Amino acid sequence: MTTTTQMPEDTAFTLRPFQNADASAVATLVTAGMRSHWTYTAEHFREPSDPRGRRLVALSGGEVVATAHLLPFGPATPDTLRLDLAGEGAAFTPLYLALLSGLPAGFTRLLGVTREDFPETMHFFHAAGFRNAWQSWGAHLDLNTFDPAAFQPLEERLFLAGYEMQRIDNDAPATDWDALYGLYMLGIEDAPRNPTTTPDPLTRDGLRATVEGEEAAFMTRWHGQIVASTRVTLDGREVESEQTVTLSEHRTRGVATALKAHALAWAKGEGYTHAGTGGTVLNLPILRVNARLGYHTSPMWVTWERPL
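Being a predicted model, the structure only gives us computed values, none of them experimental. (Residues numbered from 1 in each chain as written. Predicted model: local features only at pLDDT ≥ 70, side-chain atom pairs only at ≥ 80, totals over all residues. Heavy atoms only, no water.)

**Quick notes on the overall build of the protein**
From N to C terminus, the protein includes nine helices and 14 strands. Across its three principal directions, the C-alpha atoms of the protein cover 75 × 40 × 35 Å. When the 308 residues of the protein are sorted by exposure, 45% land in the buried category. As presented, the protein carries roughly 15300 Å² of accessible surface, and 53% of it is formed by carbon and sulfur atoms. Charged side chains in the protein number 25 positive and 36 negative. The centres of these two groups are separated by 4 Å. (Helix = DSSP H or I, 4+ residues; strand = E, 2+ residues; numbered from the N terminus. Buried < 20%, exposed > 50% of the residue type's maximum accessible area, 1.4 Å probe, protein only. Areas by Shrake-Rupley, 256 points an atom, 1.4 Å probe, with all protein chains shown as cover. Lys, Arg positive; Asp, Glu negative; His and termini not counted. Charge placed at Lys NZ, Arg CZ, Asp CG, Glu CD.)

Given below as structure tokens:
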């Protein structure tokens with residue numbers, strides 16, 4: 001039986017748990033809430049992503065006009081629940097209060113993520129007493145206008161100092177995959193992150209399967225030793241940078257800039273038209289690298305936090 005919560009008479013909303021029949025309406029609301037940066041379909045919502053999650057919908061005039069979803073944030077933050085909201089902003093507070101009445105045990109804080117130019121969610125998190133805890137950025141580059149030749153002098157200087165860049169082949173020797181995984185783990189441990197930009201860690205075999213299945217990975221050798229790497233996810237006509245890492249003793253020499261430029265030149269040559277990337281604002285070195293490469297930053301993503 002579906003439980004319906006009737007709000008006070010001075011509100012226009014009726015709240016109830018999500019039903020599979022709501023999936024299309026919820027997909028439309030979430031896509032609109034993300035300003036179509038991501039497109040969602042009904043299939044994204046018909047099966048729960050985590051059995052501990054809980055989704056409610058708000059109805060007005062019999063139509064689904066807003067939704068709220070509470071679910072575990074992820075293995076990297078096991079004490080944390082994530083609150084996602086979409087639709088009519090006036091329904092956010094009653095949806096939020098209804099979710100608070102049935103929180104799962106074992107969690108100590110709530111996080112919400114929105115972009116600084118999404119006023120309905122920015123206003124809600126501020127008004128609900130959340131703290132603006134972390135900021136992340138996204139950036140984009142038009143590969144049609146990207147000029148790899150501008151970075152050729154840097155690559156030549158590095159070559160004379162013993163550095164060479166290349167793509168990692170799927171049939172690369174095990175020692176190369178070991179080195180790539182070592183750099184991957186260094187990036188996980190060393191790069192500044194916040195909960196939103198902390199990925200679930202991969203195993204060595206998981207990293208190799210990811211690279212072989214959906215990415216292109218590039219590395220820089222110095223006198224034969226792999227000292228830097230960068231990876232890009234291939235998606236349609238766009239590539240998305242996943243991680244750029246340089247061994248500490250080889251930093252501040254332009255190695256990361258040259259390697260990312262090399263990867264972007266490869267992508268452009270393969271017919272990709274756009275490149276994206278992102279991360280926490282705390283990671284100033286990669287912000288500088290991306291600025292040199294010509295990326296244009298988008299409005300910031302804000303992670304809001306509230307203790308339970």
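After presenting the structure, the write-up continues.
**Digging into the packing of aromatic side chains**
Using the criterion set out here, one finds 15 aromatic pairs in the structure. Relative to Trp222, the ring of Tyr163 has its centre 6.3 Å away and its plane inclined at 40 degrees; by these criteria the two rings are tilted. Of the two residues, Tyr163 sits in strand β8 (residues 163-167) while Trp222 sits in strand β9 (residues 215-222), which places them 59 residues apart along the sequence. For Trp222, a relative accessible area of 28% gives the class partly exposed. Each ring, one from Tyr181 and one from Tyr184, has its centre 5.7 Å from the other, and the planes form 25 degrees; the classification is stacked. Of this pair, Tyr181 and Tyr184 both sit in helix α6 (residues 174-190), three residues apart, which is roughly one turn of that helix. Members of the aromatic cluster, each reached through a chain of ring pairs, are Phe92, Tyr96, Phe124, Phe125, Phe130 and Trp304. (Phe/Tyr/Trp six-rings, centres within 6.5 Å; stacked < 30°, edge-to-face > 60°.)

**Quick notes on the environment of Glu270**
Note that Glu270 resides in the loop between α8 (255-269) and β12 (274-280). It is 9.5 Å that separates the C-alpha atoms of Glu270 and Arg237, two residues lying 33 residues apart in sequence.

**Observations regarding the layout of surface pockets**
Estimates place the volume of the second largest pocket at around 700 Å³. Looking at the second largest pocket, it is lined by 33 residues, and the ones nearest its centre are Phe45, Arg55, His69, Leu71 and Asp84. Elements supplying a minimum of two residues to the lining of the second largest pocket: α1 (23-33), α2 (43-46), β3 (54-60), β4 (63-72), β5 (80-87), β6 (109-115) and α4 (119-127). For the lining of the second largest pocket, the element with the most residues is β5, which contributes five residues. Broken down by class, the residue content of the lining of the second largest pocket amounts to 17 nonpolar, eight polar and eight charged. (1 Å grid on protein atoms, 1.4 Å probe; cavity = no way out; pocket = protein on both sides within 12 Å on 5 of 7 lines; lining within 4 Å. Points joined across faces, edges and corners; volume = space filled by probe spheres on them. Nonpolar A, V, L, I, M, F, W, Y, C, P; charged D, E, K, R; others polar.)

**So, the nonpolar core**
Within the largest apolar cluster, 44 residues are counted, with the highest numbers of intra-cluster contacts made by Leu143 and Leu264. It is α8 that provides the largest number of residues to this core, a total of nine residues. Ignoring sequence-local partners within four residues, the contact set of Leu143 consists of Val239, Leu264, Ala267, Lys268, Tyr272, Thr273, His274 and Ala275. One finds Phe13, Leu95, Tyr96 and Val302 within the second-largest nonpolar core, a separate group that totals 26 residues. (Core = buried A, V, L, I, M, F, W, Y, C linked by side-chain atoms within 4.5 Å. Contact = heavy atoms within 4.5 Å.)

**Some remarks on helix α9 (residues 284-293)**
Buried residues of α9: Ile286, Val289, Asn290 and Leu293, and no others. Down the axis of α9, the smallest arc covering the buried residues is 95 degrees, so these residues share one side. Buried-residue contacts for α9 involve β7 (131-142), β11 (238-246), α8 and β12. Positive phi appears at Gly294, one or two residues downstream of α9, with a value of about 100 degrees. (Arc of directions from axis to C-beta.)

**A look at the pairing of β7**
With five bridges connecting them, β7 and strand β14 (residues 301-307) associate as antiparallel partners. Across the sheet, the residue bridging to Ser136 is Trp301, located in β14. As paired strands, β7 and strand β13 (residues 296-297) are joined by two bridges and run antiparallel to one another. Note that in β13 the partner of Ala139 across the bridge is Thr297. (Pairing = 2+ DSSP bridges.)

**Quick look at α6**
With 17 residues, α6 should cover 24 Å at 1.5 Å per step; its first-to-last C-alpha distance of 24 Å lies within 8% of that length. Elements that come into contact with the buried residues of α6 comprise α7 (204-214), β9, β10 (225-235) and β11. (Expected span 1.5 Å × (residues − 1).)

**A word on a nonpolar patch on the surface**
Nonpolar side chains collect at one region of the surface, where Leu97, Leu100, Leu103 and Leu308 lie side by side and expose about 320 Å² of accessible area between them. Its place among the elements puts Leu97 in helix α3 (residues 92-100). (Patch = residues over 30% accessible without salt bridge, like charges linked within 9 Å, V, L, I, M, F, W, Y side chains within 5 Å. Salt bridge = Lys/Arg side-chain N within 4 Å of Asp/Glu carboxyl O.)

**Quick notes on the pairing of β6**
Look at any regular strand and the pattern is simple: side chains alternate between the two faces of the sheet. When you tally the buried positions in β6, you get seven out of seven residues, the bulk of the element. What you see with β6 is no split at all: Arg109, Leu111, Val113 and Arg115 on one side and Leu110, Gly112 and Thr114 on the other are buried throughout. In terms of strand pairing, β5 meets β6 through three bridges, oriented parallel. The residue of β6 that forms the bridge with Thr80 is Arg109. Regarding topology, α3 serves as the crossover connection from β5 to the parallel β6, and that connection is right-handed. By the bridge criterion, seven bridges tie β6 to β14 in an arrangement that is antiparallel. By the bridge assignment for β14, Arg115 is matched with Trp301. (Right-handed = clockwise from strand over helix to strand, strands pointing away.)

Geometric values such as these leave the question of function open.
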